[in-house]
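# Survey of secondary and tertiary structure
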Amino acid sequence: MSVKGKVFKYGNDVDTDVIIPARHLTSSDPVHLASHCMEDIDPEFVKNVKRGDVILAGCNFGCGSSREHAPIAIKASGVSLVIAESFARIFYRNAINVGLPIMECPEAYAIINAGDEVEADFDTGVIRDITTGQSFIAKPFPEFIKKIIDAGGLVEYTKSNSEV
Amino acid sequence: MGMTMTQKILADHAGLPEVHAGDLIEARLDKVLGNDVTTPPAIKVFEGMGARKVFDKDKVIMVPDHFTPNKDIKSAELSQCMRCFARKQEISNYFELGQKEMGIEHVIIPDNGLILPGDTIVGADSHTCTYGALGAFATGVGSTDLACAMVSGKTWFKVPMAIRVDLARKPGPYVTGKDIILHLIGMIGVDGALYKSLEFFGEGVKELSMDQRLTISNMAIECGAKNGIFPVDEITLDYIAKTNPERFANKDYKVYMPDKDAQYDMTIRIDLDKVPLTVALPHLPSNTRDASEVKDMKIDQVVIGSCTNGREEDIKMAAELFAGKKVADGVRCIVIPGSQRVYRKALDEGWLKVFDDAGCVISTPTCGPCLGGHMGVLAEGERCVSTTNRNFVGRMGHVKSEVILSGVPVAVASAVMGRVATPFEL
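Residues numbered from 1 in each chain as written. Chains lettered and ligands numbered in written order. Predicted model: local features only at pLDDT ≥ 70, side-chain atom pairs only at ≥ 80, totals over all residues.

## Re the overall build of chain A
- Summing up its helical and strand segments, chain A has eight helices and seven strands in all.
- Relative to the globule expectation of 15 Å for 164 residues, the C-alpha radius of gyration of chain A, 15 Å, shows essentially globular dimensions.
- Taking the principal axes of the C-alpha coordinates as reference, chain A spans close to 50 × 35 × 25 Å.
- A separation threshold of at least 6 residues defines the contact pool for chain A, and within that pool the share at least 24 residues apart is 67%. (Helix = DSSP H or I, 4+ residues; strand = E, 2+ residues; numbered from the N terminus. Rg over C-alpha atoms; globule rule 2.2 N^0.38 Å. Contact = placed C-beta atoms within 7 Å.)

## Quick notes on the packing of helix H4 (residues 69-76) of chain A against helix H5 (residues 89-98) of chain A
All names here are of chain A.
- Where H4 meets H5, the axes come as close as 8 Å, and the angle between the chain directions of the two elements is 50°. The pairing of H4 with H5 is recorded here as oblique in orientation. Both H4 and H5 take part in a crossing whose hand is right-handed. Along its contact with H4, which presents Ala70, Pro71, Ile72 and Lys75, the element H5 presents Phe91, Asn94, Ala95 and Val98.
- Residues that form the contact of H4 with H5 fall into these classes: six nonpolar, one polar and one charged. (Axes fitted to C-alpha atoms, helices over the stretch in contact; angles between N-to-C directions. Parallel < 35°, antiparallel > 145°, perpendicular 65-115°, else oblique. Left-handed = near helix turned anticlockwise from the far one by under 90°. Nonpolar A, V, L, I, M, F, W, Y, C, P; charged D, E, K, R; others polar.)

## Describing the interface of chain B and chain A
- Counting residues at the interface gives 43 residues for chain B, matched by 37 residues for chain A.
- Ranked by the residues each element gives to the side of chain B that touches chain A, the list is headed by helix H5 (residues 143-152) of chain B, at six residues.

## Some words on the domain arrangement of chain B
Residue and element names in this part refer to chain B.
- We note that the domain assignment places domain 1 (25-271) and domain 2 (277-425) within chain B.
- Averaged C-alpha coordinates put domain 1 and domain 2 at centres separated by 23 Å.
- Of all elements in the fold, only helix H4 (105-111), helix H6 (177-188) and helix H7 (210-218) reach the threshold of two or more residues within the side of domain 1 that touches domain 2.
- Considering every element that reaches the side of domain 1 that touches domain 2, the biggest residue donor is H6, with six residues. (Domains from an automatic or database assignment.)

## Here we look at the nonpolar core
- Leu56, Val82 and Ile83 of chain A together with Met150, Val302 and Ala318 of chain B are the most contacted members of the largest nonpolar core, which totals 198 residues.
- Ranked by residues supplied to this core, first place goes to helix H14 (residues 408-417) of chain B with seven residues.
- Of the domains in this structure, domain 1 (25-271) and domain 2 (277-425) of chain B are the two that each give at least three residues to this core.
- Ignoring anything within four residues of it in the chain, the contact list for Val82 of chain A reads Ile55, Phe61, Ile74, Leu100 and Ile102 of chain A. (Core = buried A, V, L, I, M, F, W, Y, C linked by C-beta atoms within 7 Å. Buried ≥ 20, exposed ≤ 12 C-beta atoms within 10 Å, placed from the backbone.)

## Observations regarding the sheet that holds strand S9 (residues 197-201) of chain B
Residue and element names in this part refer to chain B.
- Sheet architecture is open: four strands sit in the order S10-S9-S8-S11, paired in parallel fashion. The outermost strands of the open sheet, each flanked by one partner alone, are strand S10 (227-229) and strand S11 (266-271). The sheet shows a mean angle of 20° between the axes of neighbouring strands, direction not considered.
- Sheet topology places strand S8 (residues 162-168) next to S11; six bridges connect them, and they run parallel. Across the sheet, Ile163 pairs through a bridge with Met266, a residue of S11. (Pairing = 2+ DSSP bridges.)

## Remarks on the sheet that holds strand S3 (residues 81-84) of chain A
Residue and element names in this part refer to chain A.
- Across the sheet, seven strands lie side by side as S4-S3-S2-S1-S5-S6-S7; this open sheet has mixed pairing. Strand pairing shows two members of the sheet lacking a second neighbour, strand S4 (102-104) and strand S7 (135-137), which therefore form its edges. The average angle at which neighbouring strand axes cross in this sheet is 25°, direction not considered.
- In this sheet, S4 lies alongside S3 in parallel orientation, the contact comprising three bridges. Note on S4: the bridge partner recorded for Ala84 is Glu104.

## Points about helix H13 (residues 351-358) of chain B
Residues and elements named next belong to chain B.
- Buried within H13 are the following residues: Trp351, Leu352, Val354, Phe355 and Ala358. Along H13, the residues classed as buried sweep out an arc of 160° about the axis, all on the same side.
- Structurally, H13 contributes buried residues whose contacts are with helix H11 (312-322), strand S15 (332-335), helix H12 (340-348) and strand S16 (361-362).
- Positioned one or two residues after H13, Gly359 has a phi angle of 95°, which is positive. (Arc of directions from axis to C-beta.)

## Things to note about the pairing of strand S6 (residues 126-129) of chain A
All names here are of chain A.
- The pairing of strand S5 (residues 117-121) with S6 spans four bridges and is classified as antiparallel. Paired with Asp121 across the bridge in S6 is Val126.
- The antiparallel pairing of S5 with S6 creates a hairpin that spans four residues between the two strands, and Gly125 there sits at a positive phi of about 80°.
- Two strands pair when backbone bridges link them, and S6 and S7 are joined in this way by three bridges, in the antiparallel orientation. In the sheet register, Arg128 faces S7, and the bridge partner there is Ser135.
- Where S6 folds back onto S7 in an antiparallel hairpin, the turn is made up of five residues, including Gly133, whose phi is positive at roughly 85°.

Next up, the structure:
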């Protein structure tokens, strides 16, 4: 499966408080959360994001609170993929669990520019910057994580592995 | 190859003789917890899966503490959702506002004797790592992980590498666990321990009370750590004997020490006598400074409380420092005892009177302002010295407000002086 979109680029340590501020956590409705996504770091994001677009960030993306509302907000805003140098561990789990595609690729962060058009293939891990023609390879997922993704998320995986 | 404390606990909970950093394992859970923000989405997932019963009604803990007493109708509905589920599932460790066991989750859960050394715990709250102070493995997860853990009593983990933190000597006057953990975060950065365990050792450990250790483990997440764990000693066992006499008497806990040849990715030594009174300036917990070097930084508000610094020792320290002093003109100081028990202690000991005389606001236990929920949200341009755990952009309110993190002594001194100050100036 592959996705294609325009890059929104941010720095290091993008925390879940700026992805979705706590003042909006009284609801977990994806549409509501999406309407405030990235509000405290980039007030223009919601206006400019289009279905398929890609967030590109530095290290420790999604640090801070365990709120699953953060990957839900990003996914519901239309973003098809988050590429980062590294992810904070709770965000990493939450993204896999809610089905928000993520890729770790420090080289992509170093070289791809904001506004570039990129294409990424989840099966091969290849990220291609269509604007500049350069390609990058993301770190592969461990086998076990692939199993969760292939099962359709943690819920489906748990259902098939325990008596509900 | 030897294992760290964390790896040994995980191996036992996975039923494996040994594990190695990087292994993906499925571990049995002793406790699973959530709060009023994270549990309602988990309930939706739980019910969506067609699940009927939680795996063990005595091992699931639910605490409405974030937006409580409820700040608006929507937050009341979140609490209601969790309350109804807890009743239906007969969750034995659901805590209700006003009960004497109630308060902020990471203050009351250890205090109610629900965590024992060697336990494995996941919580849908990033500060679940607090319980590492008791020699347990505890880490934060999201709502879907919580839902699945409530169904199966198990979850998957990637076995972490570890950083060894050797604490040497004794802390100086007014230097608390908060200064120590801020100092460490300042050294290694907010991703300095990403995916790793922090394991604390050294002669300095015995200088730290349980409340101080809980503060240190609480903020392990602020440098990206998966968990932050202390070895079990006399202080831990005294605490367990007090909080859970029955299971203590039955020796219903397990003490883990690392193997002699345990692999640590890195060793950091901290001489506690050299740790200054430390503050973290906006907007990252790693942006630390010696508090005495921060000059002329005027403030509008002070918050004393939270899962980081709302324990009995914190509130007692605040009362001792506030005695006979007044909150500066133009400053609001909000004191939030972390639990009903701490509140009652403060009432019985006369600490509340000291706070009232000093001109402080006294709040019922709540996470409230720490995450910009309620009970002290900041306006544009306002600055707050806070004993909480995060100073991210917009964390306590307006996107152009500022939070400076500190321990209790610096927070009290700042409230009295009206600027970032140290207790030596009082």
